[in-house]
Structure formats: structure tokens, C-alpha cells
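# Breakdown of the fold
Below, each chain spelled out in residue letters.
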Amino acid sequence: MWIHLSGVATLPIFLGLCLLGLAVGSPLLPVWLEIFLVAVAGIIPVLWMQWFRPFYIFSILVVAVKPQNLTSVQQRILTRFKTKLNQGLALFVAVLLAVILWQLYRWAPLAASVAPFPPSWRWAGLLLAASAFLSSNLFFQVSASVMAVLLTPESEFAATKPHVLEKIRQDFTIAPWQVDRLLPALAAETTATVAAPVESIGPASAIGNSSVGSLVNPQPADSNGLKSLPEQSSEKKLN
């Protein structure tokens, strides 16, 4: 969740690339049409995904956790991504980025001196702008939906029903390469697995451990036995 939330940090980078693409050459089409084409290419695919098949959050790039390996808490998280709130948030983000795109188009001539392509490559610039704008939509939309889930009150989250495992593949956009887990085992998990065999050591080892324990922490019986030696010798002298 936190990995995808941090993806919003890439937004200035992709918007900057979009600005550079729009700065290439002079418009070949009417201004409104060029803006419309870049907006449609960047907004519609991601908005459709977030509305109908939200991004499967338990994935990184092309790698995803198998749905059958999810816990009940993770299934509740998936349910939160299918709420009306997240759909409305996706629409708001799309409108906000459309307004930003219009401003980028207006400022594009100021970046003409640092444009990545010659002026005659206007179509290449539009293609770069559309690709960068699509990436900015993807990372911003996913980060916004994650933030909405993280801000869910605990009582509301506890009342959320886990998403049905059989419907996850058809309700979410999942990466093609699916694995058992994305991150390595935590140190606590490794310690628990190592500690389990130690506790199941046989009786012979237990005897050895008890003898070591008696040397470190002597029992009262041992101390009483040591004190009884001088008493026995004094009795012999009296006799």
C-alpha cells in the first residue's frame, strides 16, 4: 500500500515530460483537437480501469500476489477499492488532471528551446505527451485510491466484508506474472520458524539443557547439600 502511495512522487516527472512533448513544433491540428486527443489517451483508459476493474493493489509492475494467498484483511482492502467513494475520487482526479493538461498546453511554448525533438516531429511530441500523461494519470489515480483506503475509519473497515476470492480476477486488473509473495519473509517470521524446532527437541536434549541450567541457576537443594558438609564434620569431632 505504501509503495503505491509513494507513486504520486513521480507525478511532476511525467507532467514535465508531457510539457516537453507539447513543446515540440507548432500545432498541426486545431488546439482543442490536440488537447482532446492527449486527454483521451491519458485519462480514459485509467478512469475506465478504476471505475470497473480497479488496479490490483497487491502487485508491483508486472508481478502480483496470487489471489488465493490473500488474507481476510487484504480481501477487505480490495473491497474498499470497489466503493462509490473511490469511483467519485477517480472522476475528480481525472478532471483535475485535465485542467492541468490545459495549463501545460498553454505553457508549452516556453519550453520550446528544450524540446526533445526537432520542430518537424510534432507527432512524436504528441505521442510523448500522451504517453507521459497516461503515466501521470495511472500513478496519481492509484495513489489517490490508496490514500482513500488508508484513511478509512477502523470501525468502517472492520465492518467491510472480504472480497470473494473467486471474483478477484474478474473484478480487478491483475498483473500477468503471479507469485506466492512479493516481499521476503520478515525477521520475526524467520525467528518463529527457527524457534519451532528448538522447542520440539527430544528428552535427551532436555536433560542436557537442565544440567546447564542447574550450573547457571543452582537449586536450593544443591546449596543445602553444600552447607551440610561442615555440619557433618563437626559432629564427628564431637564424637
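Residues numbered from 1 in each chain as written. Predicted model: local features only at pLDDT ≥ 70, side-chain atom pairs only at ≥ 80, totals over all residues. Heavy atoms only, no water.

Attention shifts here to the packing of helix α3 (residues 31-52) against helix α5 (residues 84-107). Between two packed helices, the angle of one axis relative to the other and the distance separating the axes together describe the packing. For the pair α3 and α5, the least separation of the axes is 10 Å and the interaxial angle reads 160°. On the basis of their axis angle, the class for α3 and α5 is roughly antiparallel. As α3 runs across α5, the sense of the crossing is right-handed. Between α3, through Val31, Glu34, Ile35, Val38, Ala39, Ile43, Leu47, Gln50 and Trp51, and α5, the contact on the second element is made entirely by Gln87, Ala90, Leu91, Ala94, Ala98, Leu101, Trp102 and Tyr105. (Axes fitted to C-alpha atoms, helices over the stretch in contact; angles between N-to-C directions. Helix = DSSP H or I, 4+ residues; strand = E, 2+ residues; numbered from the N terminus. Parallel < 35°, antiparallel > 145°, perpendicular 65-115°, else oblique. Left-handed = near helix turned anticlockwise from the far one by under 90°. Contact = heavy atoms within 4.5 Å.)

In this section: the sheet that holds strand β2 (residues 63-65). Pairing within the open sheet is mixed, and its three strands lie in the order β1-β2-β3. Strands at the two margins of the open sheet, each flanked by one partner only, are β1 (59-60) and β3 (177-179). (Pairing = 2+ DSSP bridges.)

Here the focus is the confidence of the model for the protein chain. Overall, the predicted model of the protein chain reaches an average pLDDT of 81, with 76% of residues at or above 70. Within the protein chain, the element-level pLDDT minimum falls on helix α10 (residues 203-216), averaging 38, and the maximum on helix α2 (residues 11-22), averaging 96. Here residues 186-239 is a poorly scored stretch, pLDDT under 50, and it has two contacts once near neighbours within four places are set aside; other chains count. (pLDDT = per-residue confidence, 0-100.)

Here we come to the nonpolar core. Inside soluble globular proteins, nonpolar side chains tend to come together where they are buried. Counting residues in hydrophobic clusters, the biggest one holds 26 residues, and the most contacted among them are Cys18, Leu22, Leu101 and Phe133. The contact partners of Phe133, leaving out residues within four places of it in the chain, are Leu15, Cys18, Val38, Ala39, Gly42, Ile43, Leu97, Ala98 and Leu101. Judged by nonpolar contacts, the second largest core, of 20 residues, contains Phe58, Phe81, Val149 and Phe172. (Core = buried A, V, L, I, M, F, W, Y, C linked by side-chain atoms within 4.5 Å. Buried < 20%, exposed > 50% of the residue type's maximum accessible area, 1.4 Å probe, protein only.)

Between its first and last C-alpha, α2 extends 17 Å over twelve residues, near the 16 Å set by a 1.5 Å rise per residue. Taken together, the buried positions of α2 are Leu11, Phe14, Leu15, Cys18, Leu19, Gly21 and Leu22. The buried residues of α2 occupy one face: seen down the axis, they fall within an arc of 160°. Across from the buried face of α2, at angles greater than 90 degrees, the exposed residues are Pro12 and Ile13. Check the buried side of α2 and you find it contacts α3, α5 and α6 (122-150). (Expected span 1.5 Å × (residues − 1). Arc of directions from axis to C-beta.)

Our next topic: the packing of aromatic side chains. With the rule as written, the count across this model stands at five aromatic pairs. Here the aromatic rings of Phe14 and Phe139 are separated by 5.4 Å at their centres, their planes lie at 20°, and the arrangement is stacked. With Phe14 in helix α2 and Phe139 in helix α6, this residue pair connects regions lying 125 residues apart in the sequence. Exposure remark for Phe14: the relative accessible area of 18% places this residue in the buried category. Classification of Phe139 by relative accessible area gives partly exposed; the value is 33%. Between Tyr56 and Phe58, the ring centres sit 6.0 Å apart and the planes meet at 75°, which makes this aromatic pair edge-to-face. Pair check on accessibility: Tyr56 and Phe58 agree, each one buried. Following the ring pairs from residue to residue traces out a cluster consisting of Trp48, Trp51 and Phe52. (Phe/Tyr/Trp six-rings, centres within 6.5 Å; stacked < 30°, edge-to-face > 60°.)

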